[in-house]
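Structural overview
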Amino acid sequence: MVEFGTPNITRFGESALVLDVGAGHSLAVQVALGFAARELSELEGAIDVVAGIGNLTLFFDPRELSAERGRTGLVDAWAHACAHARHLGGKPIEIPVRYGGADGPDLEAVAAAHDIAVEECIARHVAGVYAVYVMGFAPGFAYLGGLDASLHTPRRAQPRSRVAAGSLAIGGSMTGVYPLESPGGWNVIGRTDLQLFDPYRTPASLLSLGDFVRFVRV
Amino acid sequence: MTLQTLEIVRAGLQTIVVAEPRTGHRAVGVGIGGALDERAFARANALVGNAPEAPALEIAYGAFDARFSHPVPFAMAGADCAARFDGLDLVLDAPRSGVRTYLAVRGGFEIPVVLGSRTTDLRGGFGGWNGRALRNGDVLTIGTESDAATARAPEPPAQYPTEIFVRAIDRRAPAEFWTHPWRVGHESNRMGMRLNGEPLAGGGDVDSHAVFPGVVQLPASGEPIVLLADAQTTGGYRAIASVIQADLWRFAQLPAGATVRFEKVALSDAD
C-alpha cells in the first residue's frame, strides 16, 4: 500500500473528470497513475484516460456513464493503484541510440553546461532507467522521468523549428524521443532509428504510460 | 464505372479533409481533430444526403478553385465565398463573412480510416488526404455511399457576426475574464485561438494535465488561448474555463480582429 494523501476530483468541462493526487512529482505517483489509467480505460463509457504530472483525466460519454459513476470509478481505480502499483509497471523497452555528432547536436553543450566530459554525459544518460510519466505534446511522445539530476538542462533559449524524427533530447528534468519531425525546444543529444509512432501499426505508439525505458548506445 | 473525382485547382490558404473526430487515442498523444465548425460541416453533408460526418473539405479563407470530372451533386455551408459554378469548375472568392466553408459531395470523398477516423491529423501527418493539407493538383475520389432521399433544401448563406458571446464553464478564472472583451489574435490556427486584451493576473505554468478543445488556457503573458479541435492532448498552462461544446463552432468562423465575450454558465446549462 502506498500513501499519497487524499486525492481531489473535479469536473472539467462537460465530459471530463480530473483526479488530482496532490502529492507532487514522484516516480511512485506516476506509476500508480499509469496503473489507474489502465483500469479506468476498461470502464463502460470511458472514451480516453490521460495522465498528467500528478493527475489523471477521464473523458467519458455522458450518455453511457454518469459523472457520479465516473467519480466512483476514479476513486476505486486510484485506491487499487495505491494498493498494487508497486508491483505493476508497464512493459520494459530498449531504445538503441547514436549519441552526439550530427544526431545529437546539443550533446557537447549539455556536457559543457554541467562541466563534465561528453563521454561522462553519455554514460550517465545510458545508465538511467526511465519511466513514461506522461504521453503528450505530439502523437507517441513520452515524457520520460528518472533523468540523473546532474543532467537536468533547461530548454534551449531558441527552439528549433525542425527537430528530426527519432531525436533523443533533454528538457528540464525530463528526457524523451521526438516520434515525428516537429518543432522543439529540447536539447538534442542523440537519435534512434526505432519508429516510436506509426499510425498503421498496432499499437501505434511504441511507448505508453508506465512503461520503463533503457537507452542502448550503438 | 468511371471514377468520379474532384481536382484541386487552387488549394487556398488551408484546405483539409475533415470527418469524424478521432477519439480513443488521446492516451498516446493523438488529438481528436475534426471539423472546427461541426454545424456547417453537418449541414453541408445533410444537403447532399450524406451521413453527418462523411469526409468533406474544410476550406479556410476561401480563395479556392476545383474541377469536377462529372456533374456530381455537391453542397457548401459555412462562410459564404460567393461561389460560382461554371461547367464543371467551382470558384470561391474570399469569404464575405465567416472564415471556413465546408464542401460536401454526394457520396463523400473516398478516404481511408486511420486510427478509427478519416479526419486529417496535421500534427501527426496522417489521416485525411495523405495526412496533409491539400495542394494544387491533388485529385480526390468521390465515394458512392449516400442516402439521397434525406437531402434537404438549401439554406440561405449564414451571416457570421464579428462580435460574439460564447458560454463557458468557470474554473476559477479571474473576474475580468468574464467582463473584458477579447480580440482574436493573428496567431490563431486549428490548434488554438489567441485572444488579445488587457492581460489577466494569475496565469502561468502548472503541472501538465489533459486538455481538450474548448479549454481556455492562461499563460504567464495574461492573454488567454482557447484550444480548438487540433489541440495537443496535454498542456502546462493554467486552465481557467472551458467553452461549452455547443458554442465551440463559433470560433471556427471568427477572423482575426473579431471580438469575443465570455458568459459564465453552470454545467447544468451546457446541454
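Residues numbered from 1 in each chain as written. Chains lettered and ligands numbered in written order. Predicted model: local features only at pLDDT ≥ 70, side-chain atom pairs only at ≥ 80, totals over all residues. Heavy atoms only, no water.

1. As for the pairing of strand 10 (residues 163–170) of chain B
Where a strand is regular, its side chains alternate between the two sheet faces. Residue and element names in this part refer to chain B. Note: strand 10 against strand 17 (residues 259–264), six bridges, orientation parallel. When the bridges of strand 17 are listed, Glu163 appears paired with Thr259. Pairing analysis gives three bridges linking strand 10 to strand 16 (residues 234–243), with the strands arranged antiparallel. Opposite Ile169, over in strand 16, you have Ser242 as the bridge partner. (Pairing = 2+ DSSP bridges. Helix = DSSP H or I, 4+ residues; strand = E, 2+ residues; numbered from the N terminus.)

2. What to know about the interface of chain B and chain A
Each side of the interface is counted separately: chain B has 33 residues, and chain A has 33 residues. Buried area between chain B and chain A, both sides added, is near 2,600 Å², and the carbon and sulfur share of it is 61%. Where chain B touches chain A, the interface holds one salt bridge. A salt bridge links Arg26 of chain B to Asp48 of chain A, with the shortest nitrogen-to-oxygen separation between them at 2.7 Å. Between chain B and chain A we count ten residue pairs in polar contact (both at pLDDT 80 or more) in total. Elements represented by at least two residues in the side of chain B that touches chain A include exactly strand 13 (205–210) and strand 16 of chain B. Considered class by class, the residues forming the side of chain B that touches chain A number 16 nonpolar, twelve polar and five charged. (Contact = heavy atoms within 4.5 Å. Buried area = accessible area lost by both parts, 1.4 Å probe. Salt bridge = Lys/Arg side-chain N within 4 Å of Asp/Glu carboxyl O. Polar contact = N/O pair within 3.5 Å; in protein donor to acceptor, adjacent residues only side chain to side chain. Nonpolar A, V, L, I, M, F, W, Y, C, P; charged D, E, K, R; others polar.)

3. Some details on the sheet that holds strand 1 (residues 8–11) of chain A
Residues and elements named next belong to chain A. The strand order across the open sheet formed by four strands is 1-2-4-3, and the pairing between neighbours is antiparallel. On the outer flanks of this sheet lie strand 1 and strand 3 (46–52), each paired with one strand and no other. Ignoring which end each strand starts from, the neighbouring axes of this sheet average 15 degrees apart. Strand direction decides the pairing type here: strand 1 and strand 2 (residues 16–20), joined by four bridges, are antiparallel. Residue pairing for strand 2: Asn8 is matched across the bridge by Asp20. (Axes fitted to C-alpha atoms, helices over the stretch in contact; angles between N-to-C directions.)

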